[in-house]
Amino acid sequence: MNMKIIYKKNDIKRFISNLINQNKSLNIKIEREVEKIFQNIQSKGDKALFSYAKKFDRCKLNAKNISINKNKIKVFAKKCPKDIAKALYFSSSRIKKFHLHQIPKNYKYKDSKGVILGSQWKPINSIGIYVPGGTASYPSSILMNSIPAKIAGVRKISMVIPQKNTKLDPIIAKAAEIADIDKIYRVGGAHSIAALTWGTKSIEPVDKIVGPGNIYVTIAKKKIFGDVGIDMIAGPSEILVVSDKNNNPDWIAADLLSQAEHDINSRSILITNDLAFAKKVTKSIDLILKDLPRSKIASKSWENNGKIIVIKKISSSYEIINQLAPEHLELAIDKPETILNKVYNAGSVFLGRYTPEAIGDYVAGPNHVLPTGRTSRFSSGLGVSDFLKKITFTKCNKKSLQLLSNSAIKIAKAEGLDGHALSIDMRKK
């Protein structure tokens, strides 16, 4: 039996248990390095920032060349191929249309005691977007992170991206232009997260940082939470595909590899009810990997983390889905809604045989910044509300305060907070 395929109940239980209980502790050595980077940025500012850029990215930065303003972004964007620019505009229009539906409503009402109550949503003032610049280029991430922020009303959006020179990829520039990014800083890594958090002479601090990065960026974001907001602690990408034998095995193989090519730590899992189909998928994967440009990464990911689970009934797949709580879930079956209705833990779901997860990465509309590492059990993908904060308000008049005061004073005194009670009681007289 192919080691990638498991079908015995005990083996499936063991696999799920191992995945759930895997060691999620972050690398202690890297944590210490990040702490040192933080200390240097806080004490030395730009000097440390430029030094780290030279060390990690081999890019010579200074106060004059670190930033790219809107006018310069437009200059670089002019060199973007027209067909790609057209695709980016198409993508942005769909992302915008989807996220416009997410705008929450303010409310205000008067209760039976005559108290006026309500809630108002206010945008975060400024955000920083981290865009990876390592093994691949991600213009789609610029759109996904910035468009919901713009819809929310965020006033200022800065972007950091590691660069090896003072040029800017025209495709990245075009995405930044479409997204109406205010300023780009040619720097990445944990040092850019520190600079966005506390500020340096060259980089203005922000109120929230969003966007995925490598392990250094992930640890940095975890450590700065509280000083600024963050979107989530993003881990390696994941896909869980549910498929019966009526699919083309090549399609399903490609779907699994679409996430495996992201990173050697990405996870691709297939659930099917047909052993013969499972074997066909593994063969298709081997064939596709021979020609895939990022086959070195995808092969290692599939080898280390890939798995095919064979169960008796597709209809019971929701039980495993909810346990694994995947970032991406494909239900490549007829009537996928029957399973969707029983799914409670997933970042984003792709329904039917003609909805590959990859379409969601670019042009479907929903956000592709999603909870990983089973965090979809308690969190959601990035959206407009992530860039808003809620302010509640209360208004009493003399009569309504009288009607509330007795209970409030009793609770305050029960808690031993007589000053609270006094504050209310004085207004009764």
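Not measured: the values here are computed from a predicted model.

So, about the overall build of the protein chain. Counting its secondary structure elements, the protein chain contains 17 helices and 15 strands. Its C-alpha atoms give the protein chain principal-axis dimensions of about 85 × 55 × 45 Å. In the protein chain, which comprises 429 residues, the proportion classed as buried is 49%. In the protein chain, the proportion of contacts linking residues at least 24 apart, taken out of those at least 6 apart, comes to 73%. Accessible surface for the protein chain amounts to roughly 22,600 Å². Of this, 53% is attributable to carbon and sulfur atoms. In the protein chain, the 71 positive side-chain charges and the 37 negative ones have mean positions that sit 5 Å from each other.

With that settled, consider empty space enclosed by the protein. Summed over all chains, the structure comprises 2 cavities of 30 Å³ or more. In this structure, the largest cavity is lined by 12 residues; those nearest its centre are Glu238, Arg267, Ile269, Leu324 and Pro326. Among the secondary structure elements, those contributing two or more residues to the lining of the largest cavity are strand E10 (238-243) and strand E11 (267-272). For the lining of the largest cavity, the element with the most residues is E10, which contributes 3 residues.

Another point: the layout of surface pockets. The computed volume of the second largest pocket comes to approximately 410 Å³. Around the second largest pocket, the lining is made up of 14 residues, and of these Lys9, Ile12, Val310, Ile311 and Lys312 lie nearest the centre. For the lining of the second largest pocket, the secondary-structure elements that each account for two or more residues are helix H1 (9-20) and helix H13 (317-324). A class-by-class count of the residues in the lining of the second largest pocket yields 6 nonpolar, 3 polar and 5 charged.

This next bit is on helix H4 (residues 70-77). Within H4 the residues assigned to the buried category are Ile73, Phe76 and Ala77. End-on view of H4: buried residues confined to an arc of 100°, all on one side of the axis. Exposed side of H4, more than 90 degrees from the buried face: Asn71 and Val75 are the residues found there. The elements touched by buried residues of H4 are strand E2 (67-69), helix H7 (170-178) and strand E7 (183-185). Looking at where H4 begins, the residue whose side-chain oxygen comes 3.2 Å from the main-chain nitrogen of Asn71 is Asn69.

Looking now at the sheet that holds strand E1 (residues 5-6). One open sheet accounts for 6 strands, arranged E1-E12-E11-E10-E13-E14; its pairing is parallel. The open sheet terminates on both sides in strands that have one partner only, identified here as E1 and strand E14 (348-351). The pairing of E11 with strand E12 (residues 307-310) spans 4 bridges and is parallel. Counted as the bridge partner of Ile271 is Ile309 from E12.

What follows concerns the pattern of salt bridges. The tally for this structure, following the rule as stated, stands at 11 salt bridges. In this structure, the salt-bridge partner of Lys223 is Glu31, at a minimum N-O distance of 3.1 Å. Highlighted residues: Lys223 in helix H9 (residues 215-224) and Glu31 in helix H2 (residues 28-44), separated in sequence by 192 residues. Of the charged contacts, one joins Glu204 and Lys156 as a salt bridge, the two residues approaching to 2.9 Å between their closest N and O atoms. Residue Glu204 is found in the loop between helix H8 (189-198) and strand E8 (208-210), and its partner Lys156 is found in strand E6 (residues 156-160); the two are separated by 48 residues along the sequence. Given the relative accessible area of 41%, Glu204 is considered partly exposed. Lys156 gets classed as partly exposed once you look at its relative accessible area, which sits at 24%. Ionic contacts of the salt-bridge type, sharing partners, join the residues Lys70, Lys150, Asp180 and Asp182 into one network.

Attention now goes to the side chain of Asn65. Secondary-structure assignment places Asn65 in the loop between helix H3 (46-57) and E2. A distance of 2.8 Å separates a polar atom in the side chain of Asn65 from the backbone nitrogen of Asn62. Each residue touching Asn65, except ones within four places of it in the same chain, is listed here: Lys60, Thr166 and Arg186.

Cut-off values and rules
- Residues numbered from 1 in each chain as written.
- Predicted model: local features only at pLDDT ≥ 70, side-chain atom pairs only at ≥ 80, totals over all residues.
- Heavy atoms only, no water.
- Helix = DSSP H or I, 4+ residues; strand = E, 2+ residues; numbered from the N terminus.
- Buried < 20%, exposed > 50% of the residue type's maximum accessible area, 1.4 Å probe, protein only.
- Contact = heavy atoms within 4.5 Å.
- Areas by Shrake-Rupley, 256 points an atom, 1.4 Å probe, with all protein chains shown as cover.
- Lys, Arg positive; Asp, Glu negative; His and termini not counted.
- Charge placed at Lys NZ, Arg CZ, Asp CG, Glu CD.
- 1 Å grid on protein atoms, 1.4 Å probe; cavity = no way out; pocket = protein on both sides within 12 Å on 5 of 7 lines; lining within 4 Å.
- Points joined across faces, edges and corners; volume = space filled by probe spheres on them.
- Nonpolar A, V, L, I, M, F, W, Y, C, P; charged D, E, K, R; others polar.
- Arc of directions from axis to C-beta.
- Polar contact = N/O pair within 3.5 Å; in protein donor to acceptor, adjacent residues only side chain to side chain.
- Pairing = 2+ DSSP bridges.
- Salt bridge = Lys/Arg side-chain N within 4 Å of Asp/Glu carboxyl O.

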